Amino acid sequence: MSSRLEFRGLSRAFGQAEVLHEVSLTVEPSRCVALLGASGSGKSTLLRIAAGLDDPSSGQVLVDGSDLDGVPSEERGLALVFQKPLLFPHLNVVDNVAFSARMTGQSRKAARRHAMAYLELVHLSDLARRSAGCLSGGQEQRVALARALARNPRILLLDEPFSSLDSRLRDDMYSLVEDIRAELAPTIVLVTHDRREASILADSIAVLDEGRILQHGPVAQLHYQPATLAVNRILGGLNALSGRVTGGIHQSVFGRVPVQPGMVDGPAFLVMRQEAIRIVVTGEGTAVGSVTGLKSLGAHTLVRTEVTGDHGPSGTLTIDVAGEPDVTMGQVVGLKPVNDSGWAVTR
Amino acid sequence: MSRGPGSPATTGRSVLFALPAVLPVLAVLGVSLTAAVLQSLGLMPFIGPPDLSFEAWTGNTGELFRATGLSLYIAATATVFSVCIGFLIAAYVLAMPRMGRIVAALSAATIPIPHVIGAGAIGLLLSDSGFLERLLGMPDAFPVLVGGPWWIAAITEYAWKESAFVALVVLGSIARSVGELCDAAATLGATATQRILRVVLPLAMPSLAVSAVIVFVYTLGSYEAVWLLGPTSPEPLPVRAVRLFGSVDLAARPQAMATALVSVAVGAAAILAGILVLRRVRGFR
């Protein structure tokens, strides 16, 4: 069932507006890649082109090395789960899931038998005879997922399928996708604007911004070693301090912090995730900051500090603290990188 | 006291709001049907005292049955053609967005043309000395389409006008949702033909059923096209009713009313059957 999907130099323009620009991306068999980007970044267009629902202006879509140019959607062997479940309202649940088998000419009985296996996979076999219009939002998306899987696709494309569900239902769907990956090992391309969803479900994340892939890499790499300030921002990083790298050391108001090897000397931004900074006793950290804001995220709190120092202009650093921090507004605290090192980018 | 949807207060208010629209319809229908029944039974004669008689109903039953059968044939055939062609037009408009826009505009432009104008145009096109016969240059072999035994010209006129109506009703009811559902079907392996037959057609069924009932009832009771384009005999119900109603023989009035009432009864039966079918179609959803 698993195949290799490759986008090679793919561009798509609508009139003068270029939605995708020279996008190249490879998804290895049985891997799950998340396309992460804001609305309008071109990620859904990329999936529609892969599914054969839209044509690229230039570039290729290859599956196992074969160019899909000119291959109609129904012959591509790819299944797409849309943001809306798009269940056929004139069919009941089992007949929705049996739809692809019926299209291949299977009898109604055989197609339904085939469909039941996938309904069991998504734990909805009890609702097989129910009308498609009588399901909850979560149930509808499960049926849509089962319907796509029942096609036995070479590649499963997910276009923000869980975005309309509440957080609890989403967590259920994440577990379901994990079960499906464990059982069927499909190649998955997931489009999402939710970095948490991308981090939970995907093996790697490709960050798409204004039609360009800014970075593609493992989840942790994108969070802690972003290629640009834009990637850091899209992945939820709140800190970027301007300064200068000299001999592998970044100097800024945050102090002298060792950065990655190979960094060329010159102006650079230190990107430190809010989770990678600790609040310590004044004097023990690399910098000193004054608390200017406290924002509760429930189990976590974001502590905003104004940092001043000898090595650069003042800046703002935000620290993610588990629970309720033992600090007050205006208090001066010490700040220190968790790993005693940081990551620098030039743009 | 409950004030939610379906509560007595809400229902009562809904009925009150509907009354201004419903009352005139009920009054006109009630008065005209009552008068027609009374006239057909001789209880409301044009001249002379009322005299109960079933002569209008039983006097010439053969002709009445023939007229009914002919009207059913014309209405049913025109409806089948209208629904099939209308659905194909709708499917084309949905499948071909650019060319479809032109077809949709042409369909929309067809609807306001009065049937009597349409019938005249079809007559000029299909008659045995008409445009088509001259174009094809086959004066002897040209079939009798106008005034012929199969009422082809009249049915063609109805099918042309009403298929445009059917197409617009279908497009209005499914155009919003069908594109995405067809995309989903394509990614599930459905070919273009399968998408039309397995997705578009089932989704269009309720609107097709509604428009089929409307077209059937309209063509059953419509007068101009069958009068202009059909043979003089046999007569469909509306032509017979109008001829008898306008006859110099005032004794023919009851027969005219009986003919009109048969037309109303067949139309009502078609509406009831349509409602039953529609309920069943919606039950699938």
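Keep in mind that what you see is a predicted model, and the values were worked out from it rather than measured. (Residues numbered from 1 in each chain as written. Chains lettered and ligands numbered in written order. Predicted model: local features only at pLDDT ≥ 70, side-chain atom pairs only at ≥ 80, totals over all residues. Heavy atoms only, no water.)

Draft legend 1. Local environment of the interface of chain B and chain A. If you look at the interface, chain B gives 20 residues, while chain A gives 23 residues. Of the roughly 1900 Å² buried between chain B and chain A on both sides combined, carbon and sulfur atoms contribute 62%. Inspection of the region where chain B meets chain A yields 3 salt bridges. For the pair chain B and chain A, the number of links is 6 residue pairs in polar contact (both at pLDDT 80 or more). Elements with a contribution of two residues or more to the side of chain B that touches chain A: α7 (152–187) and α8 (192–221) of chain B. Classifying every residue of the side of chain B that touches chain A by side-chain character gives 11 nonpolar, 4 polar and 5 charged. (Contact = heavy atoms within 4.5 Å. Buried area = accessible area lost by both parts, 1.4 Å probe. Salt bridge = Lys/Arg side-chain N within 4 Å of Asp/Glu carboxyl O. Polar contact = N/O pair within 3.5 Å; in protein donor to acceptor, adjacent residues only side chain to side chain. Helix = DSSP H or I, 4+ residues; strand = E, 2+ residues; numbered from the N terminus. Nonpolar A, V, L, I, M, F, W, Y, C, P; charged D, E, K, R; others polar.)

Draft legend 2. Quick peek at the side chain of H223 of chain A. Residue and element names in this part refer to chain A. Tracing the chain through its elements places H223 in helix α8 (residues 219–224). Within the structure, the side chain of H223 is placed 2.8 Å from the backbone oxygen of V219, a separation counted as a polar contact. What H223 contacts, discounting residues up to four positions off in sequence, is S199, L235 and R273.

Draft legend 3. Expanded view of the pattern of salt bridges. This model, assessed by the stated rule, comprises 17 salt bridges over all chains. The salt bridge involving R273 of chain A is made with E275 of chain A; its shortest N-O contact spans 2.9 Å. With relative accessibility at 6%, the residue R273 of chain A sits in the buried group. Across the pair E63 of chain B and R243 of chain B runs a salt bridge, and its minimum N-O distance is 3.6 Å. Of this pair, E63 of chain B sits in helix α3 (residues 61–95) while R243 of chain B sits in helix α10 (residues 237–245), placing them 180 residues apart in sequence. For R243 of chain B, a relative accessible area of 40% puts it in the partly exposed group. Each of R4, E6, R8 and E28 of chain A takes part in one network of salt bridges that share partners. (Buried < 20%, exposed > 50% of the residue type's maximum accessible area, 1.4 Å probe, protein only.)

Draft legend 4. Molecular detail of the pairing of strand β4 (residues 58–63) of chain A. All names here are of chain A. Pairing between strand β1 (residues 5–14) and β4: 5 bridges, direction antiparallel. What sits directly across from E6, in β4, is L62. Pairing analysis gives 2 bridges linking β4 to strand β5 (residues 66–67), with the strands arranged antiparallel. Among the inter-strand pairings, V63 is bridged to a residue of β5, identified as S66. As consecutive antiparallel partners, β4 and β5 are separated by 2 residues, and within that stretch D64 has a phi angle of approximately 50°, a positive value. (Pairing = 2+ DSSP bridges.)

Draft legend 5. Quick look at the domain arrangement of chain A. Here chain A is described as being made up of domain 1 (5–224) and domain 2 (237–345). With centres defined by C-alpha atoms, the gap from domain 1 of chain A to domain 2 of chain A works out at 39 Å. (Domains from an automatic or database assignment.)

Draft legend 6. Geometry of the packing of α3 of chain B against α7 of chain B. Residue and element names in this part refer to chain B. With their axes 6 Å apart at the nearest point, α3 and α7 run at an angle of 40° to one another. With respect to each other, α3 and α7 are oriented oblique. Classified by chirality, the crossing of α7 by α3 is right-handed. Residues that form the contact of α3 with α7 fall into these classes: 21 nonpolar, 4 polar and 1 charged. (Axes fitted to C-alpha atoms, helices over the stretch in contact; angles between N-to-C directions. Parallel < 35°, antiparallel > 145°, perpendicular 65-115°, else oblique. Left-handed = near helix turned anticlockwise from the far one by under 90°.)

Draft legend 7. Focus on the packing of aromatic side chains. Residue and element names in this part refer to chain A. This structure, assessed with the given rule, holds 4 aromatic pairs over all chains. On the basis of an interplanar angle of 40° and a centroid distance of 4.4 Å, the ring pair of F88 and F99 is categorised as tilted. Here F88, found in the loop between β6 (78–81) and α2 (93–97), pairs with F99, found in helix α3 (residues 99–103); they are 11 residues apart in sequence, far enough to count as distant. Since its relative accessible area comes to 3%, F99 is described here as buried. Here F162 and Y174 contribute two aromatic rings whose centre-to-centre distance is 6.0 Å and whose plane-to-plane angle is 70°, an arrangement assigned as edge-to-face. Pair noted here: F162 is in the loop between β7 (155–159) and α6 (167–184) and Y174 is in helix α6, with a separation of 12 residues, a long-range link. On the basis of relative accessible area, Y174 is assigned to the buried category, the value being 3%. The positively charged end of R147 is found above the aromatic ring belonging to F88, 4.8 Å away from the centroid. (Phe/Tyr/Trp six-rings, centres within 6.5 Å; stacked < 30°, edge-to-face > 60°. Lys NZ or Arg CZ within 6 Å of the ring centre and 35° of its normal.)

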